[in-house]
Amino acid sequence: MMSAMVFTPTRGDAPPRFGPDVPTIPDIGTGLLDASVYTDPERFQRERTAVLAPSWQVICRSSELPNPGDFITWAGQGETIVLTRRRDGGVSGFHNVCQHRGARIVSEPSGCARRFSCRWHNWVYDLQGAVVGVPDREDFDPAALAGLAAPAVECAEWAGWVWAVLAGPGTAPPLLDWLGPEIVSDLGVYRMQDIRLADKLTWDVPVNWKVVVDAFNENYHAAHLHAKNTTPQDVKDGRFSTYFVFDRHAMMVIPYKGVLDRLRETLDHQGTAICHYTVFPTSVFNCNPTHIQLFRAVPLAVDRTRFETWELQYASDDQDYQDYVNEHWGRLQKVVAEDVEIWDEVAATRDSSAYRRNILNNRECKITAFHRTVQAILDQAGLDQAGLDQAGGRP
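Residues numbered from 1 in each chain as written. Predicted model: local features only at pLDDT ≥ 70, side-chain atom pairs only at ≥ 80, totals over all residues. Heavy atoms only, no water.

### Considering helix 10 (residues 319–348)
Argument step 1. In this model, helix 10 (30 residues) spans 44 Å end to end at C-alpha, consistent with the 44 Å of a helix rising 1.5 Å per residue.
Argument step 2. Residues Tyr321, Val325, His328, Trp329, Leu332, Val335, Val336, Glu338, Asp339, Val340 and Trp343 constitute the buried set of helix 10.
Argument step 3. Among the structural elements, strand 12 (195–205), helix 5 (209–215), helix 6 (222–225), strand 17 (291–301) and strand 18 (304–314) are those in contact with the buried residues of helix 10.
Argument step 4. For helix 10, the N-terminal capping position is held by aspartate 318, with its side-chain oxygen 2.9 Å away from the main-chain nitrogen of aspartate 320. (Helix = DSSP H or I, 4+ residues; strand = E, 2+ residues; numbered from the N terminus. Expected span 1.5 Å × (residues − 1). Buried < 20%, exposed > 50% of the residue type's maximum accessible area, 1.4 Å probe, protein only. Contact = heavy atoms within 4.5 Å. Polar contact = N/O pair within 3.5 Å; in protein donor to acceptor, adjacent residues only side chain to side chain.)

Right under this line is the structure:
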């Protein structure tokens, strides 16, 4: 039996996400998705610019930058950035691109530094990306060097994570506004700022990033793909899962592991059930009452994604707790490996003339809502670009 000293999330007086007055499925309906959504290289480039770059995304744990001068480098969706812990305790970020002739400034994955130097010509940058040293400065046009800096990345911290907007400051709303009150209050219950990173697994998978996000936006597949790790009772109880869409984000409550009766009695979804929180565009938090996984898609190309699984556990000396979460984490690794393996089967049909569309049921509503959001952003970006073109603006 686990000690009461181990933190357990609880709903408290927050809105119920399960119960007799809570709709099971939102009024989104079924969906159809053209195969080109996943396979079109031109569309992927538009997603990089219009969907991914202007969105808040998880980059790392705050604990990875504990002291002033600590830094990490991150690469994904065609970008490379540096995040640093400033002397005032905040986090700054900038694109890892030397403004002289385009070389990468920092090659190390992490470390601690006062300044950064590009190895090619020894241009020097401070912790916020400003150019503070140029050899033979007198040979350059002073106007070209005035106020020069690597383009900034907007950074913020919430729930023990460092988040970033790669398109830069002012592109997205403030982080808490972006997350919205439902995610902030519901996901915030888990106190991830007080949790430790126990493990992190990474795969390079041959599928579009949205295939990865889709995989964790439904539990329809669990009874089949995960049959070895899903009991018949889980399959039956899983039909009582509830689904929610919050603007661009979403969640679902899954009453696996024999908790359905207790969930009906307490209506405490966080303290009882598995809660999935999809934070647009690339993150899914799989929250068990005792530990949490972050499933993270990092787009690399139209048909290539870095898939990350982060295992988070509450700090505790309780041996029963440690034994339980480590045993469960071991089983979850097998489940996640099955997801990764099936993506090879998806990749095998990428160029097939017979792969034309995806057909989604009403319990795959989170997938439908997610793709509608992506498409709406792309459509608006196209309208905005058309307006610029008509006005004679630069593309």
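### Describing the side chain of glutamate 364
Argument step 1. Examined against the element boundaries, glutamate 364 turns out to sit in the loop between strand 19 (357–360) and helix 11 (365–390).
Argument step 2. No salt bridge is formed by the buried glutamate 364. Its closest oppositely charged neighbour is arginine 363, at 9.8 Å.
Argument step 3. Among the polar contacts listed, one links the side chain of glutamate 364 to the backbone nitrogen of asparagine 361, at a separation of 2.7 Å.
Argument step 4. Apart from residues no more than four positions distant in its own chain, glutamate 364 is found in contact with Glu218, Tyr220 and Ile359. (Lys, Arg positive; Asp, Glu negative; His and termini not counted. Salt bridge = Lys/Arg side-chain N within 4 Å of Asp/Glu carboxyl O.)

### Side note on the environment of aspartate 186
Argument step 1. Here aspartate 186 shows up in helix 4 (residues 175–188).
Argument step 2. Note: C-alpha distance between aspartate 186 and proline 15 (171 residues apart in sequence) is 8.6 Å.
Argument step 3. With sequence-adjacent residues up to four places away left out, aspartate 186 is seen in contact with Arg17, Met251, His269, Gln270 and Tyr277.
Argument step 4. Of the polar contacts made by the side chain of aspartate 186, one reaches the side chain of arginine 17; its length is 3.0 Å.

### What about the sheet that holds strand 2 (residues 57–61)?
Argument step 1. Spatial ordering of the open sheet is given by 2-11-10-5-4-3-6, a layout of 7 strands whose pairing is antiparallel. Edge positions in the open sheet fall to strand 2 and strand 6 (110–112), since each of these has one partner strand only. The average angle at which neighbouring strand axes cross in this sheet is 30°, direction not considered.
Argument step 2. With 5 bridges joining them, strand 10 (residues 152–158) and strand 11 (residues 161–165) adopt antiparallel strand pairing. If you follow alanine 156 over to strand 11, its bridge partner there is tryptophan 163. (Pairing = 2+ DSSP bridges. Axes fitted to C-alpha atoms, helices over the stretch in contact; angles between N-to-C directions.)

### Regarding the nonpolar core
Argument step 1. The biggest cluster of nonpolar side chains holds 68 residues, and the ones touching the most others in it are Trp161, Trp163, Leu187, Met192, Phe285 and Trp343.
Argument step 2. Ranked by size, the runner-up nonpolar core spans 18 residues in total, among them Phe94, Ala103, Cys118 and Leu127. (Core = buried A, V, L, I, M, F, W, Y, C linked by side-chain atoms within 4.5 Å.)

### Here we look at the packing of aromatic side chains
Argument step 1. Scanning the entire structure with this criterion turns up 18 aromatic pairs.
Argument step 2. For the ring pair tryptophan 161 and tryptophan 310, a centre distance of 5.2 Å and an interplane angle of 75° mean the geometry is edge-to-face. Of this pair, tryptophan 161 sits in strand 11 while tryptophan 310 sits in strand 18, and the two are 149 residues apart along the sequence.
Argument step 3. The class of tryptophan 161 is buried, set by a relative accessible area of 0%.
Argument step 4. A relative accessible area of 1% means that tryptophan 310 is categorised as buried. (Phe/Tyr/Trp six-rings, centres within 6.5 Å; stacked < 30°, edge-to-face > 60°.)

### Structural notes on helix 2 (residues 41–52)
Argument step 1. Restricting attention to buried positions, one finds in helix 2 the residues Arg43, Phe44, Glu47, Ala50, Val51 and Leu52. Buried residues of helix 2 fall within an arc of 150° about the axis and therefore sit on the same side.
Argument step 2. Two or three places before glutamate 42, at the start of helix 2, stands the capping residue aspartate 40, its side-chain oxygen 3.0 Å from that residue's backbone nitrogen. (Arc of directions from axis to C-beta.)

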